[in-house]
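Okay, here's what each chain looks like letter by letter:
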Amino acid sequence: MTTRPLKTLERVLSKAGAGSRVDARGWIRAGRVKVNGQVVRDPDTWIDMGRDRVRLDGRPLQVRERTYLLLYKPTGYLTTYRDPKGRPTVYDLIADLGSFVSPVGRLDLDTSGLLLMTNDNQLAERVTNPASHVPKTYLVKASLRLTDEQLQQLRDGVELADGPTRPARVRRVRDSEKYTHLEITLTEGRNRQVRRMIEALGAAVLKLVRVKIGSISIGTLPIGKWRLLTDREVQTLRSQHPQL
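Okay, so let's go over this structure. (Residues numbered from 1 in each chain as written. Predicted model: local features only at pLDDT ≥ 70, side-chain atom pairs only at ≥ 80, totals over all residues. Heavy atoms only, no water.)

As for the overall build of the protein chain
Piece 1. Across its full length, the protein chain holds six helices and 17 strands.
Piece 2. With the principal axes as the frame, the protein chain shows a C-alpha extent of 70 × 45 × 35 Å.
Piece 3. Relative to its 244 residues, the protein chain shows a buried fraction of 46%.
Piece 4. If you take every contact in the protein chain between residues at least 6 apart in sequence, the share linking residues at least 24 apart comes to 65%.
Piece 5. When the accessible surface of the protein chain is totalled, it reaches about 13,400 Å², and 48% of it is carbon and sulfur.
Piece 6. When the 43 positive and 27 negative side-chain charges of the protein chain are each reduced to one mean point, those points stand 4 Å apart. (Helix = DSSP H or I, 4+ residues; strand = E, 2+ residues; numbered from the N terminus. Buried < 20%, exposed > 50% of the residue type's maximum accessible area, 1.4 Å probe, protein only. Contact = heavy atoms within 4.5 Å. Areas by Shrake-Rupley, 256 points an atom, 1.4 Å probe, with all protein chains shown as cover. Lys, Arg positive; Asp, Glu negative; His and termini not counted. Charge placed at Lys NZ, Arg CZ, Asp CG, Glu CD.)

Structure (structure tokens):
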């Protein structure tokens, strides 16, 4: 017996690239969405992707052309569609894109760097799935000069409240009089992981920039700007199973 793919109505609209899930819930509650000819106002209605016919404003729902972009997120921008407090979000930086995309993972308010965004849900889930172990590389400015032994601790794994970290690739970039600048590559994506790993050494992160996901690098892209991924980069994300 084949199990049919089911998704909530709001997710069907969002994953088709029609808009955000917040937008979708508004459209549904406003009566703009029909399922099999009937207006449905409950965003959590389950949809059978193989059988149900969904229309938005009278037009059949169609999956938008797949879009893949790389954004150099500055600090001070939220990785969300809207903020109740009116703070800037990454969507302010891609207003000229012309289609809706979702972030692939997140970067917190005080972290800058490479953020992938797409309307290809399958690819996004592959990149963010912990089982994929897709490496993510960061440049870190620590609040102290770290010893070789402390850097080795990061490589071997440190104990955090939610368990020991996986082995990491760590390279000392340079030291100043007071600070260590290092590069660290992780194959897991826990909340605020880099910051917590540095804090476990008795230091703090003064600056954090993500510069690479898998084999895709931020390169010379100016901060606050975005570009589309090349076909080769998209194919690399699809086919890679990178490990440290």
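Next comes the rest of the write-up.
Quick notes on the nonpolar core
Piece 1. Core analysis: the largest hydrophobic core is formed by 20 residues, its most contacted members being Val140, Leu154, Leu182, Ile184, Val194 and Ile198.
Piece 2. Put simply, the parts of the chain that give this core at least two residues each are strand 10 (136-142), helix 4 (148-156), strand 14 (180-186), helix 5 (193-199) and strand 15 (205-213).
Piece 3. In terms of nonpolar packing, the next biggest core, distinct from the first, is built from 19 residues, Leu70, Val104, Leu114 and Val234 among them. (Core = buried A, V, L, I, M, F, W, Y, C linked by side-chain atoms within 4.5 Å.)

Observations concerning the pattern of salt bridges
Piece 1. Tallied over the full model, the rule gives 16 salt bridges.
Piece 2. One salt bridge connects Arg190 with Glu188, and the closest N-O pair in it is separated by 3.3 Å. Comparing Arg190 with Glu188 shows no difference in burial state: the two are buried.
Piece 3. Glu199 is the salt-bridge partner of Arg192, the closest N and O atoms lying 3.8 Å from each other.
Piece 4. A residue is classified by how much of its surface remains accessible, and Arg192, at 38% relative accessible area, is partly exposed.
Piece 5. Because the salt bridges share partners, they merge into one network encompassing Arg145, Asp148, Arg172 and Asp175. (Salt bridge = Lys/Arg side-chain N within 4 Å of Asp/Glu carboxyl O.)

Here's the deal with helix 4
Since one α-helical turn is 3.6 residues long, residues separated by three or four positions face the same way.
Piece 1. Among the residues of helix 4, Gln150, Leu151 and Leu154 are the ones counted as buried. What you see down the axis of helix 4 is that its buried residues fit within an arc of 100 degrees, all on one side. Facing away from the buried surface of helix 4 by more than 90 degrees, the exposed residues are Asp148, Glu149 and Asp156.
Piece 2. One or two residues past the end of helix 4 sits Gly157, with phi positive at roughly 115 degrees. (Arc of directions from axis to C-beta.)

Some thoughts on the side chain of Asp83
Piece 1. Mapped onto the elements of the fold, Asp83 is located in the loop between strand 7 (68-73) and strand 8 (102-103).
Piece 2. A distance of 2.9 Å separates polar atoms of two side chains, one belonging to Asp83 and the other to Arg87.
Piece 3. Each residue touching Asp83, except ones within four places of it in the same chain, is listed here: Leu78 and Thr89. (Polar contact = N/O pair within 3.5 Å; in protein donor to acceptor, adjacent residues only side chain to side chain.)

Quick notes on the pairing of strand 9 (residues 112-118)
Looking along a regular strand, one sees side chains alternate from face to face of the sheet.
Piece 1. The buried fraction of strand 9 amounts to seven of the seven residues, a majority that puts the element mostly inside the structure.
Piece 2. Two strands pair when backbone bridges link them, and strand 7 and strand 9 are joined in this way by six bridges, in the antiparallel orientation. Paired with Leu70 across the two strands is Leu116, which belongs to strand 9.
Piece 3. For strand 8 and strand 9, the ladder comprises two bridges, and the chain directions are antiparallel. When the sheet's bridge partners are listed, Ser102 is paired in strand 9 with Thr118.
Piece 4. By the bridge criterion, two bridges tie strand 9 to strand 15 in an arrangement that is parallel. (Pairing = 2+ DSSP bridges.)

Remarks on the environment of Tyr91
Piece 1. Counting through the fold element by element, Tyr91 comes out in the loop between strand 7 and strand 8.
Piece 2. A sequence separation of 14 residues divides Tyr91 from Tyr77, and the C-alpha atoms of the two residues are 9.1 Å apart.
Piece 3. If we ignore the near neighbours within four places in the chain, the residues touching Tyr91 are Thr80, Tyr81, Phe100, Val101, Ser102, Pro103 and Met117.

Things to note about the packing of aromatic side chains
Piece 1. Inspection of the entire model under this criterion finds three aromatic pairs.
Piece 2. Considering the side-chain rings of Tyr81 and Phe100, the 5.5 Å spacing of their centres and the 80 degrees angle between planes classify their relative orientation as edge-to-face. Here Phe100 lies in the loop between strand 7 and strand 8 and Tyr81 lies in the loop between strand 7 and strand 8, a separation of 19 residues in the sequence.
Piece 3. You can call Tyr81 partly exposed: its relative accessible area is 26%. (Phe/Tyr/Trp six-rings, centres within 6.5 Å; stacked < 30°, edge-to-face > 60°.)

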